[in-house]
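Here is what each chain is made of, one letter per residue.
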Amino acid sequence: MLVRDGADGPEVFLQRRVQGMAFAAGMTVFPGGGVDPSDAQAEIGWAGPDPAWWGRCFGIDAARAQALVCAAVRETFEECGVLLAGPTADTVVSDTAAYRSAREQLERRELSLGEFLSRERLVLRADLLRPWANWITPVVESRRYDTRFFVAVLPRGQRADGATSEAHEVRWCTPAQALDRWRAGLDVLLPPTWSELVALAQYPSTAAILAAEPTIEPIMPVLESDAAGTGLRFPDSTRYFADLPKGSRIRGSQRPN
């Protein structure tokens, strides 16, 4: 979740995925993607909390935690051109235009994150990221993911864009504006995206977001039936379905009656 301070408070960068995607096609989401095997093998300069610290935050071993952090940095660069790395442990790249070709190579898997950072003599800035949440795709889905959410502030001088094959359109907006668009039926939000937008909306600034220390416990929506109908159940799901635009459907569930 990439955030910045705006005139009306913190803004978050969102993408509407292209219709041809195998998962969450047409949905409005945060930038992200899967861990690549090369992420686990990256030998790079590293600034900030070590992999063991990240592992404790997410309840996993250090090796897997390092791969997740590397994937978060790589996917953020691939999908919106924002690079959480710098020439030294206390600096960050201010303009990523010079790395356009490398970004395309990373997306095509012709170049690994480790190779890129080593070649450009850049240090991965793990200290610019914060651990945020862990959602697991419900069993009713044919494609299942164990997803860790991170948050980071847009580095000064950098610009997030939509130059990725996976996004139909992109926008910056406050979490409240994003939720208003969803209630109006302009965007489709899966429960994890909705839930984290609700969480972000509580904070008055990006500094407050970075200072937050959310409890990270795995959340896996489950399909249940009761007097209200059949639907996915997850924290605050009653509110989600109450506000769900009329006629909307979430795969594997239906709007409660």
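Here goes a summary of the coordinates provided. All figures in this text were calculated on a predicted structure; none of them were measured in a lab.

### A word on the packing of aromatic side chains
- For the coordinates displayed, the defined rule picks out 16 aromatic pairs.
- Between Tyr 99 and Phe 116 the ring centres are 5.6 Å apart and the planes differ by 80°, which places this aromatic pair in the edge-to-face class. Of this pair, Tyr 99 sits in the loop between β5 (85–86) and α4 (100–107) while Phe 116 sits in helix α5 (residues 113–120), and the two are 17 residues apart along the sequence. Here Tyr 99 and Phe 116 have matching classes, each one buried.
- Judged by centre distance (5.1 Å) and plane angle (25°), the rings of Trp 182 and Tyr 240 are stacked.

### Some words on the state of the cysteines
- Throughout the structure, instances matching the rule amount to zero disulfides.
- In this structure Cys 57 is not part of a disulfide, and its nearest cysteine sulfur, from Cys 70, lies 16 Å away.
- With no disulfide partner, Cys 173 has as its closest neighbouring cysteine sulfur the one in Cys 80, 14 Å distant.
- On the basis of relative accessibility, which here comes to 5%, the residue Cys 173 falls in the buried class.

### Concerning the pattern of salt bridges
- Here the structure, examined in full by the defined rule, presents 21 salt bridges.
- For Arg 171, the salt bridge identified is with Asp 187, shortest N-O distance 3.4 Å. One end of the pair, Arg 171, is in strand β9 (residues 167–173); the other, Asp 187, is in the loop between α6 (175–183) and α7 (191–200), and 16 residues separate them in sequence.
- Overall, the relative accessible area of 6% leaves Asp 187 in the buried class.
- Between Arg 183 and Asp 243 there is a salt bridge, and its shortest N-O distance comes to 3.8 Å. Of the two residues, Arg 183 is situated in helix α6 and Asp 243 in helix α9 (residues 237–243); the sequence distance between them amounts to 60 residues.
- Judged by its relative accessible area of 35%, Arg 183 is partly exposed.
- When salt bridges with common partners are traced through the structure, they connect Asp 36, Asp 39, Arg 74, Glu 75, Glu 78 and Arg 109 into a single cluster.

### Things to note about the environment of Cys 57
- Structurally, the position occupied by Cys 57 is in helix α2 (residues 51–58).
- Sequence spacing of Cys 57 and Pro 191 is 134 residues, and the spatial spacing of their C-alpha atoms is 22 Å.
- Ignoring any residue separated from it by four or fewer positions in sequence, one finds Cys 57 in contact with Pro 131 and Ile 216.

### Considerations on the nonpolar core
- With 36 residues, the main nonpolar core has Leu 2 and Phe 116 as its most contacted residues.
- The element best represented in this core is helix α3 (residues 62–80), accounting for eight residues.
- Setting aside chain neighbours within four positions, we find Phe 116 in contact with Phe 77, Leu 83, Tyr 99, Ala 102, Leu 106, Leu 111 and Leu 122.

### Regarding the sheet that holds strand β6 (residues 123–125)
- Spatial ordering of the open sheet is given by β4-β6-β5, a layout of three strands whose pairing is mixed. The sheet is open, and its two edges are formed by β4 (45–47) and β5, each paired on a single side.
- Where β4 meets β6, three bridges bridge the pair, whose relative direction is parallel. In the sheet register, Ala 47 faces β6, and the bridge partner there is Arg 125.

### Some details on α5
- Those residues of α5 lying buried are Leu 113, Gly 114, Phe 116 and Leu 117. Summarising the axial view, the buried residues of α5 lie within an arc of 165°, below the 170-degree limit, and thus occupy one face.
- On its buried side, α5 packs onto α1 (37–40), α3, β5, α4 and β6.
- Arg 121 occupies a position one or two residues after α5 and carries a positive phi of about 55°.

Cut-off values and rules
- Residues numbered from 1 in each chain as written.
- Predicted model: local features only at pLDDT ≥ 70, side-chain atom pairs only at ≥ 80, totals over all residues.
- Heavy atoms only, no water.
- Phe/Tyr/Trp six-rings, centres within 6.5 Å; stacked < 30°, edge-to-face > 60°.
- Helix = DSSP H or I, 4+ residues; strand = E, 2+ residues; numbered from the N terminus.
- Buried < 20%, exposed > 50% of the residue type's maximum accessible area, 1.4 Å probe, protein only.
- Disulfide = S-S within 2.5 Å.
- Salt bridge = Lys/Arg side-chain N within 4 Å of Asp/Glu carboxyl O.
- Contact = heavy atoms within 4.5 Å.
- Core = buried A, V, L, I, M, F, W, Y, C linked by side-chain atoms within 4.5 Å.
- Pairing = 2+ DSSP bridges.
- Arc of directions from axis to C-beta.

All quantities given are derived from atomic positions and should not be read as evidence of function.
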